[in-house]
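Observations on the three-dimensional arrangement
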Amino acid sequence: MSALAEAEVALAAVAANVDTVTAVAGTDLMAVVKADGFGHGAVPVARAALAAGAGWLGVTSTAEALALRAAGLTAPVLSWLHRPDDDFGRLIAADVDIGVSTVPHLHAIAEAAGRSGRPATVQLKADTGLSRNGAAGHDWPDLVSWARKYEVEGGVRVHGVWSHLADAETSGGPGVDRQLAVFEEALGIARRVGLRPDLVHLANSAAALAAPATRYDLCRIGLALYGVDPFGAAGPGAYRLSAAMTLRSTVVNVKRVPAGTGVSYGPDHVTGRPTTLVLLPLGYADGLPRTAEGRAEVWLGGTRRPVVGRIAMDQCVVDAGDLPVAVGDPVVVFGPGSDAGATAGGWPTVAEWAAWAGTSPHEILTGIGARVVRRYRPGEPAIPRVGVALP
Ligand SMILES: *Cc1c(COP(=O)(O)O)cnc(C)c1O
């Protein structure tokens, strides 16, 4: 192997997570494979999720949707973030459902449908409190009225009505109950203009697992699909999700240093006693967040050791203490961890890296850089979450 770091993706874990969430939610699932499947590879993850029973694929962009079609995937796909002058004709031809949040987008889609001689299938998005995409306030009655008009004329079929939650995993936002009430109101308005959407959906991973009233016909799952507990490293951990990605690297330099040795730029860190420093060939360009400095740990020599000093673009330093380590030793940056978290040891998890960096697991996963080689082990059983030893 010549890659400096490798993200090993257990597709069996993806399949196991589809099973797990299906059992809890009891609805059809949309596997959200935007941003290259949260960095895991959209096409392999999509295949694994569909084979495990997910009925839908979700992406944000035309390019992502068309890439799934180009790979031969014929399952239903929803794409939801577009320029108003996007190439909607290609989405219509590829039989992709188009998420629509504004009237100008809807006009452009209807026009593209007219040109292509085929109705566009759309799913209208209501803004129920996230204040991002979706139509809010008076824009919603406008959007559904226009959609109904186009539907009657035959240019558009309204397949779904949906929205997105702001804080199903935390609190402090508009609240799930408040968003549910706004969503119900929006559904009522859509029905009053004559729309009869087959698909109503609101829940993301956290809501699919823990907010039954949000489940409707379909849950859109991202984080849970990849085996990360949406409630965080300190969350209930009750859902037995299997982490799909293990980020591995290799020790490329080892040196014994005296106390008082400066480490990496700054230096932000100076050794407090004689110790062994180990160099890992991955840094922030590979997705290790600089803001995890002073807190991050990796799995090395059968235990957890701290990353010390500033994380650089291409490399970082681990204090191995008095461990007998050698050039070529394997390192796990994160992977399936242990339920008890950091204090009990085990591999660090994505959720822990997110906590160390003050960010979300989504950002860690999607930040894994292009130099990191993805490797798939299809057909392999899911990596167990507890008591994992480095092979
Ligand atoms: C990313 C995304 C999801 C997946 O969210 P998770 O919290 O990762 O499950 C679902 N729906 C929409 C609209 C999204 O953008």
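Residues numbered from 1 in each chain as written. Predicted model: local features only at pLDDT ≥ 70, side-chain atom pairs only at ≥ 80, totals over all residues. Heavy atoms only, no water.

Details of the overall build of the protein chain
The secondary structure content of the protein chain amounts to 11 helices and 19 strands. In summary, the protein chain has a C-alpha radius of gyration of 23 Å against a globular reference of 21 Å for 391 residues, a match within 12%. Looking at the protein chain alone, contacts between residues at least 24 apart form 66% of all its contacts between residues at least 6 apart. Seen as two clouds, the 33 positive and the 37 negative side-chain charges of the protein chain have centres 2 Å apart. (Helix = DSSP H or I, 4+ residues; strand = E, 2+ residues; numbered from the N terminus. Rg over C-alpha atoms; globule rule 2.2 N^0.38 Å. Contact = heavy atoms within 4.5 Å. Lys, Arg positive; Asp, Glu negative; His and termini not counted. Charge placed at Lys NZ, Arg CZ, Asp CG, Glu CD.)

What about the site of the ligand?
Taken together, 13 residues surround the ligand, and among them Lys34, Ser205, Arg220, Gly222 and Leu223 come closest. Between the ligand and glycine 222 there is a distance of 2.9 Å, counted from an oxygen atom to a backbone nitrogen or oxygen. Against a free-state accessible area of 390 Å², the protein chains account for coverage of 94% of the ligand. Contributions of two or more residues to the shell around the ligand are made by α2 (34-38) and β9 (218-221). Tallied by class, residues from the shell around the ligand come to six nonpolar, five polar and two charged. (Near = heavy atom within 4 Å. Polar contact = N/O pair within 3.5 Å; in protein donor to acceptor, adjacent residues only side chain to side chain. Areas by Shrake-Rupley, 256 points an atom, 1.4 Å probe, with all protein chains shown as cover. Nonpolar A, V, L, I, M, F, W, Y, C, P; charged D, E, K, R; others polar.)

Quick notes on helix α8 (residues 176-192)
Residues spaced three or four apart along an α-helix point in a common direction, a consequence of the helix completing one turn every 3.6 residues. Given a rise of 1.5 Å per residue, 17 residues ought to cover 24 Å, and the 24 Å separating the end C-alpha atoms of α8 matches this to within 8%. Three or more residues of α8 are buried, namely Val176, Gln179, Leu180, Phe183, Ala186, Leu187, Gly188 and Ala190. Tucked into the core, α8 has its buried residues touching α7 (139-153), β7 (156-162) and β8 (199-201). Two residues or fewer past α8, glycine 194 is found with a positive phi of approximately 105°. (Expected span 1.5 Å × (residues − 1). Buried < 20%, exposed > 50% of the residue type's maximum accessible area, 1.4 Å probe, protein only.)

Points about the packing of aromatic side chains
One pass over the full model with this rule turns up five aromatic pairs. When the ring of tryptophan 80 is compared with that of tryptophan 162, the centres are 5.5 Å apart and the planes differ by 55°; the resulting orientation is tilted. Note that tryptophan 80 is positioned in the loop between β4 (77-79) and α5 (88-93) and tryptophan 162 in strand β7, a separation of 82 residues in sequence. Over the ring of tyrosine 150 we find lysine 149, and its NZ or CZ is 5.2 Å from the ring centre. (Phe/Tyr/Trp six-rings, centres within 6.5 Å; stacked < 30°, edge-to-face > 60°. Lys NZ or Arg CZ within 6 Å of the ring centre and 35° of its normal.)

A few points about the sheet that holds strand β14 (residues 275-280)
Strands sit in the order β11-β14-β17-β16-β15-β18-β10-β1-β19 across an open sheet of nine strands; the sheet is mixed. Both edges of this open sheet fall to β11 (253-257) and β19 (373-376), since each of them pairs with a single strand only. Within the sheet, the average angular offset between the axes of one strand and its neighbour, ignoring direction, is 35°. Two elements, strand β10 (residues 245-250) and strand β18 (residues 330-334), share four bridges in a ladder whose sense is antiparallel. Paired with threonine 250 across the two strands is proline 330, which belongs to β18. (Pairing = 2+ DSSP bridges. Axes fitted to C-alpha atoms, helices over the stretch in contact; angles between N-to-C directions.)

Observations concerning the UniProt feature "modified residue: N6-(pyridoxal phosphate)lysine" (unreviewed entry) in the protein chain
Annotation from UniProt places "modified residue: N6-(pyridoxal phosphate)lysine" (unreviewed entry) at Lys34. Secondary-structure assignment places lysine 34 in helix α2. Setting aside chain neighbours within four positions, we find lysine 34 in contact with Gly58, Val59, Thr60, Glu64 and Trp80. (UniProt positions renumbered as here; feature names shortened; annotations may be inferred.)

Topic: the side chain of threonine 27
The residue threonine 27 is located in the loop between α1 (11-25) and β2 (28-32) in this model. For threonine 27, a relative accessible area of 12% puts it in the buried group. Once residues lying within four places of it in the same chain are set aside, the contact partners of threonine 27 are Thr22, Arg215, Tyr216, Asp217, Leu218 and Cys219.

Observations regarding the side chain of threonine 275
With respect to the helices, strands and loops of the structure, threonine 275 is situated in strand β14. According to the relative accessible area criterion, threonine 275 is buried, its value standing at 2%. Here glycine 321 takes part through its backbone nitrogen, which lies 3.3 Å from a polar atom of the side chain of threonine 275. Contact partners of threonine 275, with chain neighbours within four places excluded, come to Lys255, Arg256, Val257, Asp319 and Gly321.

Regarding the pattern of salt bridges
For the structure on display, the rule yields 16 salt bridges. With a closest N to O distance of 2.8 Å, glutamate 6 and arginine 375 form a salt bridge. Of the two residues, glutamate 6 sits in strand β1 (residues 5-9) while arginine 375 sits in strand β19, which places them 369 residues apart along the sequence. Look at glutamate 6 and you get buried, because its relative accessible area is 8%. Classification of arginine 375 by relative accessible area gives partly exposed; the value is 35%. When the shortest N-O distance is used, the salt bridge between arginine 256 and aspartate 322 registers 2.9 Å. With a gap of 66 residues between them, arginine 256 in strand β11 and aspartate 322 in the loop between β17 (316-321) and β18 connect regions that are remote in the sequence. (Salt bridge = Lys/Arg side-chain N within 4 Å of Asp/Glu carboxyl O.)

Examining the nonpolar core
A general trend in soluble globular proteins is that nonpolar side chains are found buried together. In this structure, Leu124, Trp140, Phe334 and Trp353 are the most contacted members of the largest nonpolar core, which totals 118 residues. At seven residues, the largest contribution of residues to this core is made by helix α6 (residues 103-116). Non-local contacts of tryptophan 140, meaning those with residues more than four positions away in its chain, are made with Leu124, Lys125, Ala126, Ala135, Val161, Ala186, Ile189 and Ala190. In terms of nonpolar packing, the next biggest core, distinct from the first, is built from five residues, Val257, Val263, Leu277 and Val308 among them. (Core = buried A, V, L, I, M, F, W, Y, C linked by side-chain atoms within 4.5 Å.)

Some remarks on the confidence of the model for the protein chain
Low-confidence regions, as indicated by low pLDDT, have predicted coordinates that should not be scrutinised in detail. In this model, the protein chain carries a mean pLDDT of 92, and residues with pLDDT of at least 70 account for 92%. Contacts from residues 339-344, a stretch scored under 50 in pLDDT, to residues over four places away or in other chains number eight contacts. Confidence over residues 381-391 falls short of pLDDT 50; this stretch has 31 contacts with residues more than four positions distant or in other chains. (pLDDT = per-residue confidence, 0-100.)

A word on the domain arrangement of the protein chain
Entries for the protein chain in the domain assignment read domain 1 (11-226) and domain 2 (245-377). Each of domain 1 and domain 2 has a C-alpha centre, and these two points are 37 Å apart. Between domain 1 and domain 2, a total of about 820 Å² is buried, with carbon and sulfur atoms accounting for 70% of that surface. Among the residues domain 1 hides against domain 2, the three largest losses belong to Phe38, His40 and Leu223. Together they make up 55% of the total. Summed over the shared surface of domain 1 and domain 2, the result is two residue pairs in polar contact (both at pLDDT 80 or more). (Domains from an automatic or database assignment. Buried area = accessible area lost by both parts, 1.4 Å probe.)

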